[in-house]
Amino acid sequence: MGDSGLEATLNWIKDLADGTVGHEIEVLTTKGIRVVKGHEGFLLCDFSIHNGLSDENGHWHVSAIATLVDIIASCVSYSFTSCSQVTLDFSISYYSKAKVQEEVEIEAKVIGKKDELTSVIVEVRKKESGELVALAKLWMAVARRNPRPQASKL
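Treat the numbers as computed from the prediction; the structure is a model and nothing was measured.

## Considerations on helix α3 (residues 62-81)
Argument step 1. Look at α3: 28 Å from first C-alpha to last across 20 residues, which is about the 28 Å you get at 1.5 Å a residue.
Argument step 2. Ser82 sits one or two residues past α3 and shows a positive phi near 60°.

Shown next as structure tokens:
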């Protein structure tokens, strides 16, 4: 653990935001995100919603919100554990709409850890008014490249 996980996290977010690394969906979703504050298990980011993330009405598309929340949850979890994480459980509630060109704040924090599971909460708020846009709760687990095969219990 420690600063190496946080440093890697901050570099990863910066590289995603400027398109240096990542898959097309990650790069499009995180384009322009800025880390305002970060420490082990906590990230606060500013984000300006761009045209590539809008629905037919000019609002931030809910699937783009969910994708960004999942990416930031993985980042904050990594900053805490220094291990690659996968999402096991994802619950998100939408409270209000945000429009293209609107600024939002994304606050992510690790709220618990048990064995190889990490619990994360992510809040998305309109920067100007503080109005809640979305709230997500996620359980993350250490990613395994070659998991042991489990015998069926049936």
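Let us keep going from here.
## A short note on the pairing of strand β5 (residues 117-126)
Argument step 1. In terms of residue burial, β5 counts as a mostly covered element, since seven of its ten residues are buried.
Argument step 2. As judged from the ten bridges shared by strand β4 (residues 103-114) and β5, these two strands associate in the antiparallel manner. Of the residues in β5, the one forming a bridge with Glu105 is Arg125.
Argument step 3. With antiparallel pairing between neighbouring strands as the criterion, β4 and β5 make up a hairpin whose turn holds two residues, including Asp115 at a positive phi of roughly 55°.
Argument step 4. Pairing between β5 and strand β6 (residues 132-142): nine bridges, direction antiparallel.

## Overview of the UniProt feature "domain: Thioesterase" (unreviewed entry) in the protein chain
Argument step 1. Under the present numbering, the feature "domain: Thioesterase" (unreviewed entry) in UniProt falls on residues 57-131.
Argument step 2. For residues 57-131, helix accounts for 27% and strand for 43%, while the C-alpha atoms at its two ends are 20 Å apart.

## Comments concerning the nonpolar core
Argument step 1. Residues Ile33, Phe47, Trp60, Ile72, Ile106 and Val122 are the most contacted members of the largest nonpolar core, which totals 33 residues.
Argument step 2. Of all elements in the fold, only α1 (3-17), β2 (42-48), α3, β4, β5 and β6 reach the threshold of two or more residues within this core.
Argument step 3. The greatest single-element share of this core, amounting to nine residues, is contributed by α3.

## Some words on the sheet that holds β4
Argument step 1. As summarised here, the arrangement of the six strands in space is β1-β2-β4-β5-β6-β3, forming an open sheet in which the pairing is antiparallel. Each edge of the open sheet is held by one strand with a lone partner, namely β1 (34-39) and β3 (85-94). Along the sheet, successive strands turn relative to each other by an average axial angle of 15°, direction set aside.
Argument step 2. Against the sheet, α3 contacts β1, β2, β3, β4, β5 and β6, and its axis sits at roughly 135° relative to β3.

## As for the side chain of Thr81
Argument step 1. Within the fold, Thr81 resides in helix α3.
Argument step 2. Given the relative accessible area of 9%, Thr81 is considered buried.
Argument step 3. Of note is the side chain of Thr81, whose polar atom sits 3.2 Å from the side chain of Gln85.

## Let's talk about the side chain of His59
Argument step 1. Following the sequence through the fold, His59 ends up in the loop between β2 and α3.
Argument step 2. Ignoring anything within four residues of it in the chain, the contact list for His59 reads Leu53, Ser54, Lys97, Ala98 and Lys99.

## With respect to a nonpolar patch on the surface
Argument step 1. Judged by side-chain polarity, Val86, Leu88, Leu117 and Trp139 come together as a nonpolar surface patch covering roughly 340 Å² of accessible area.
Argument step 2. Mapped onto the elements, Val86 comes out in strand β3.

The rules behind the values
- Residues numbered from 1 in each chain as written.
- Predicted model: local features only at pLDDT ≥ 70, side-chain atom pairs only at ≥ 80, totals over all residues.
- Heavy atoms only, no water.
- Helix = DSSP H or I, 4+ residues; strand = E, 2+ residues; numbered from the N terminus.
- Expected span 1.5 Å × (residues − 1).
- Buried < 20%, exposed > 50% of the residue type's maximum accessible area, 1.4 Å probe, protein only.
- Pairing = 2+ DSSP bridges.
- UniProt positions renumbered as here; feature names shortened; annotations may be inferred.
- Core = buried A, V, L, I, M, F, W, Y, C linked by side-chain atoms within 4.5 Å.
- Axes fitted to C-alpha atoms, helices over the stretch in contact; angles between N-to-C directions.
- Contact = heavy atoms within 4.5 Å.
- Polar contact = N/O pair within 3.5 Å; in protein donor to acceptor, adjacent residues only side chain to side chain.
- Patch = residues over 30% accessible without salt bridge, like charges linked within 9 Å, V, L, I, M, F, W, Y side chains within 5 Å.
- Areas by Shrake-Rupley, 256 points an atom, 1.4 Å probe, with all protein chains shown as cover.
- Salt bridge = Lys/Arg side-chain N within 4 Å of Asp/Glu carboxyl O.

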